[in-house]
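Descriptive analysis of the structure
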Amino acid sequence: MDKVISFIQPSRNNLKYLKWSYNSIRKNLGSHHEICWADDFSDDGTWEWMQEIAEKDKNVRIHRNEGPTRLGHTILYDTLVDIATSDIVMIYHADMYACPNMDTEVLKHLKRGKVVSATRIEPPLHPDGPEKILMDYGIEPEEFKEEELLNWIEIEGSSVAENTTTEGIFAPWAIYKDDFLAIGGHDPLYAPQSKEDSDIFNRFVLAGYETVQTWDGFVYHMTCRGSRFKDGAMRNPAGQV
């Protein structure tokens, strides 16, 4: 593959999810993509782990907010885009599992002036929507049903949608770095984290960028572990979230 993605992943006290996400990128997408991490003043060992991985993995770049307060995703997304060395960046949550071929499916649609999203598969922690697939393969890394997910993708994933792409933009999304910088990145008005995605999506549209979602490239998203939930979403006795 000629094109390389810089995965942009801020994290605050999400160590077990970040480990799970990192392992999926390297296992399913290979070692050539760059991963850019920012530790937002965590106290769970995140920074120490990032340093350890960066010593072993030449395609990992790391940054730390030294505190004493959090900066939030809005600021750290852009900090990481600045240090990314690839022409292509992907805004990627710390609680996302990269399914096989997600990168190739996104990249085959990407060009300048265009933003391309992968399709999220999520457990039913939030209501269903037309942009995602609700399927429960676990809500914590220790209970993740990886083999079941990969079997579903191999057997049924290609028949999920009648069309391979639809119009729309949702995380994770990829864009050429110079297109991202051309609109000024995220607005710090929304720091530390509140509606920064809606704002930048609106500005992409106003700038005339095409927004495309591929239904052949998937991530499994444990949902809000980067912000709202953290070991806190529990199932009821009937097994529902």
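So, here is what we can say about the structure in this document. (Residues numbered from 1 in each chain as written. Predicted model: local features only at pLDDT ≥ 70, side-chain atom pairs only at ≥ 80, totals over all residues. Heavy atoms only, no water.)

1. What about the overall build of the protein chain?
For clarity, the cut-off: Helical segments are the DSSP runs of H or I of at least four residues, strand segments are the runs of E of at least two, and each set is numbered from the N terminus. Our radius of gyration is a C-alpha quantity, and the globule rule it is checked against amounts to 2.2 Å times the number of residues to the power 0.38. Two residues form a contact once any of their heavy atoms are found within 4.5 Å. With residues, only the protein chains shown are counted as cover, and all accessible areas are computed by Shrake-Rupley using a 1.4 Å probe. Charge counting treats Lys and Arg as positive and Asp and Glu as negative, with His and both chain ends excluded. Where a charge lies is defined by one atom per residue type: Lys uses NZ, Arg uses CZ, Asp uses CG and Glu uses CD.
When helices and strands are counted, the protein chain shows seven helices and ten strands. For a compact globule of 241 residues, the expected C-alpha radius of gyration is about 18 Å, and the protein chain comes in at 17 Å, within 12% of that figure. Look at the contacts in the protein chain between residues 6 or more apart in sequence, and 80% of them connect residues 24 or more apart. Working note: accessible area of the protein chain is about 10,900 Å², and carbon and sulfur atoms make up 48% of it. Of the charged side chains in the protein chain, 25 are positive and 40 negative; the average position of the first set lies 2 Å away from that of the second.

2. With respect to the pairing of strand S9 (residues 173–176)
We apply this condition: Buried, partly exposed and exposed residues are distinguished by accessible area as a fraction of the type maximum, computed with a 1.4 Å probe on protein chains only: under 20%, between the cut-offs, and over 50%, respectively. By this definition, two strands are paired if DSSP reports at least two bridges between them.
Here S9 shows no split at all, with Trp173 and Ile175 on one side and Ala174 and Tyr176 on the other all buried. For strand S4 (residues 88–91) and S9, the ladder comprises four bridges, and the chain directions are antiparallel. Across the sheet, the residue bridging to Met90 is Ala174, located in S9. Both strand S6 (residues 114–122) and S9 contribute to a ladder of two bridges, which runs antiparallel. Looking at S9, one finds that Val116 is bridged to Ala174.

3. A closer look at the packing of helix H1 (residues 15–29) against helix H2 (residues 46–56)
This is how the line gets drawn: Angles shown run from 0 to 180 degrees and are taken between the N-to-C directions of axes, each axis being a line fitted to C-alpha atoms and, for helices, limited to the stretch in contact. Any angle that is under 35 degrees is reported as roughly parallel, and any over 145 degrees as roughly antiparallel; angles of 65 to 115 degrees are reported as roughly perpendicular and all others as oblique. Here a crossing is called left-handed whenever its near helix is offset anticlockwise from the far helix by less than a right angle, and right-handed whenever the offset is clockwise. By the convention adopted, Pro, Cys, Tyr, Trp, Phe, Met, Ile, Leu, Val and Ala count as nonpolar, Lys, Arg, Asp and Glu as charged, and the other residues, Gly among them, as polar.
It is at 10 Å that the axes of H1 and H2 come closest, and there the two elements cross at 25 degrees. Classified by the angle between their axes, H1 and H2 sit roughly parallel to one another. Two packed elements cross with a definite hand, and for H1 against H2 that hand is right-handed. Of the residues in H2, those in contact with Leu15, Leu18, Lys19 and Tyr22 of H1 are Thr46, Trp49, Met50 and Ile53. In the contact of H1 with H2, the residues fall into six nonpolar, one polar and one charged.

4. Focus on the nonpolar core
Grouped burial of nonpolar side chains is what soluble globular proteins tend to show. The line we're drawing: What we call a nonpolar core is a set of buried Ala, Val, Leu, Ile, Met, Phe, Trp, Tyr and Cys residues that are connected through their side-chain atoms within 4.5 Å.
Core analysis: the biggest nonpolar cluster contains 50 residues, and Phe7, Ile8, Trp37, Tyr92, Met102, Trp173 and Phe204 have the highest contact counts within it. Not counting residues within four places of it along the chain, the set of residues in contact with Phe7 comprises Ile25, Leu29, His33, Glu34, Ile35, Cys36, Met90, Tyr92 and Met102. Within the second largest apolar cluster, 15 residues are counted, among which are Ile133, Phe144, Ile153 and Met222.

5. Considering the side chain of His33
Put simply, the rule reads: Between N or O atoms, a polar contact is any pair within 3.5 Å; within protein, one atom must be a potential hydrogen donor and the other a potential acceptor, and residues adjacent in sequence are included only when both atoms are from side chains.
Positionally, His33 belongs in the loop between H1 and strand S2 (34–40). Of note is the side chain of His33, whose polar atom sits 3.0 Å from the backbone nitrogen of Ile5.

6. Looking at H2
Worth spelling out the cut-off: The arc in question is traced by the directions running from the helix axis to the C-beta atoms.
If you check which residues of H2 are buried, you get Thr46, Trp47, Trp49, Met50 and Ile53. Seen end-on, H2 carries its buried residues on one side only, within an arc spanning 160 degrees. Residues of H2 that are exposed and point more than 90 degrees away from the buried face comprise Glu48, Glu55 and Lys56. Here the buried face of H2 lies against strand S1 (5–11), H1, S2 and strand S3 (60–65).

7. Details of the pattern of salt bridges
Pairing between side chains of opposite charge can happen when their charged atoms approach one another. This is how the line gets drawn: When a carboxyl oxygen of Asp or Glu lies within 4 Å of a side-chain nitrogen of Lys or Arg, that pair is called a salt bridge.
Tallying each qualifying case throughout the model produces 13 salt bridges. A salt bridge links Arg64 to Glu66, with the nearest nitrogen and oxygen atoms 3.2 Å apart.

8. Description of the pairing of S1
Basically, it comes down to this: If the strands point away from the viewer and the path from the first strand over the helix to the second runs clockwise, then the crossover is right-handed.
Most of S1 sits inside the fold, with seven of its seven residues counted as buried. Burial along S1 is two-sided: Ile5, Phe7, Gln9 and Ser11 and Ser6, Ile8 and Pro10, pointing in opposite directions, are all buried. Note on the crossover from S1 through H1 to S2: the handedness is right-handed.

9. Considering the environment of Glu147
For Glu147, the position within the fold is in helix H5 (residues 146–155). Separated by ten residues in the primary sequence, Glu147 and Tyr137 have C-alpha atoms spaced 9.4 Å apart.

Such coordinate-based values are descriptive only and should not be taken to indicate function.
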